[in-house]
Amino acid sequence: MEEAILLAREAEKLGEVPIGCVITKDGAIVGRGYNRRETGKNALAHAELTAIDEACRTLGGWRLWQCRLYVTLEPCPMCTGAIINARIPVVVYGAPDPKAGSMGSVINLTDLPYNHRPEIISGVLEAPCAHLLTGFFRSLRARKKEEKAARRQAADGDTVTGSPSAEVPSYIDKSTISDYDRELTE
């Protein structure tokens, strides 16, 4: 799981939701992945799918029945389907996903009568996995709030710093601008 957390941090550096995944066989990593949906502009670029793809290529087959998958966030429906189809016997995840988790949080797709049902181990290093996600989204919300405020100020004719724009009409006495701005903010 620690390696999956490192991969999640790589996703975060790219501005992606920080989700990382590794697949192991006999204790050795055979597949790695992290979220790249935004940078790749691809809905399929989930950490789990990237790791499954790499593991299949590494091992030379689509059946990963001797592997374990470790992921920082509970898999979504698409990734859960891929896990079932790849016959991965054990899935270990860190943080639950109350919005799209498909291994227990919203639904447990592995309870359906498919021909394969992986063992699910949840909550492994949950705190650091959850912290990555909450920190990312807190920062994203703050950045969006700042951008919205800057757009609002620009639409009102102000600059981000609150100082007057360089383009002051000639009929305005420039020596009074700072006094005028101060009156507006009081």
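To start, this report covers the structure provided alongside it.

Details of the overall build of the protein
- Tallying secondary structure elements over the protein gives 6 helices and 5 strands in all.
- Secondary structure elements of the protein occur, N-terminal to C-terminal, as α-β-β-α-α-β-α-β-β-α-α.
- Expressed as a percentage of the 186 residues in the protein, the buried residues total 35%.
- Only carbon and sulfur atoms are counted for the fraction: they give 53% of the accessible area of the protein, which is about 11,200 Å².

With respect to the pairing of strand β3 (residues 67–73)
- Where burial is concerned, most of β3 is hidden: 6 out of the 7 residues are buried.
- Pairing of strand β1 (residues 20–25) with β3 involves 5 bridges; the strand directions are antiparallel. Residue pairing in the sheet places Cys21 in a bridge with Val71 of β3.
- Relative to strand β4 (residues 90–95), β3 runs parallel, the two being bridged by 5 bridges. Looking at β4, one finds that Leu69 is bridged to Val91.
- For the handedness criterion, the β-α-β arrangement of β3, helix α4 (residues 77–85) and β4 is classed as right-handed.

Things to note about the environment of Gly94
- Looking at where Gly94 falls in the secondary structure, it is placed in strand β4.
- Taking relative accessible area as the criterion, Gly94 reaches 0% and is therefore assigned buried.
- Along the primary structure Gly94 and Ser122 are separated by 28 residues, whereas in three dimensions their C-alpha atoms are 6.0 Å apart.
- Beyond its immediate sequence surroundings of up to four residues, Gly94 is in contact with Met1, Val71, Thr72, Gly123, Val124, Glu126 and Cys129.

Scoring rules and cut-offs
- Residues numbered from 1 in each chain as written.
- Predicted model: local features only at pLDDT ≥ 70, side-chain atom pairs only at ≥ 80, totals over all residues.
- Heavy atoms only, no water.
- Helix = DSSP H or I, 4+ residues; strand = E, 2+ residues; numbered from the N terminus.
- Buried < 20%, exposed > 50% of the residue type's maximum accessible area, 1.4 Å probe, protein only.
- Areas by Shrake-Rupley, 256 points an atom, 1.4 Å probe, with all protein chains shown as cover.
- Pairing = 2+ DSSP bridges.
- Right-handed = clockwise from strand over helix to strand, strands pointing away.
- Contact = heavy atoms within 4.5 Å.

So yeah, pure geometry; function would need other evidence.
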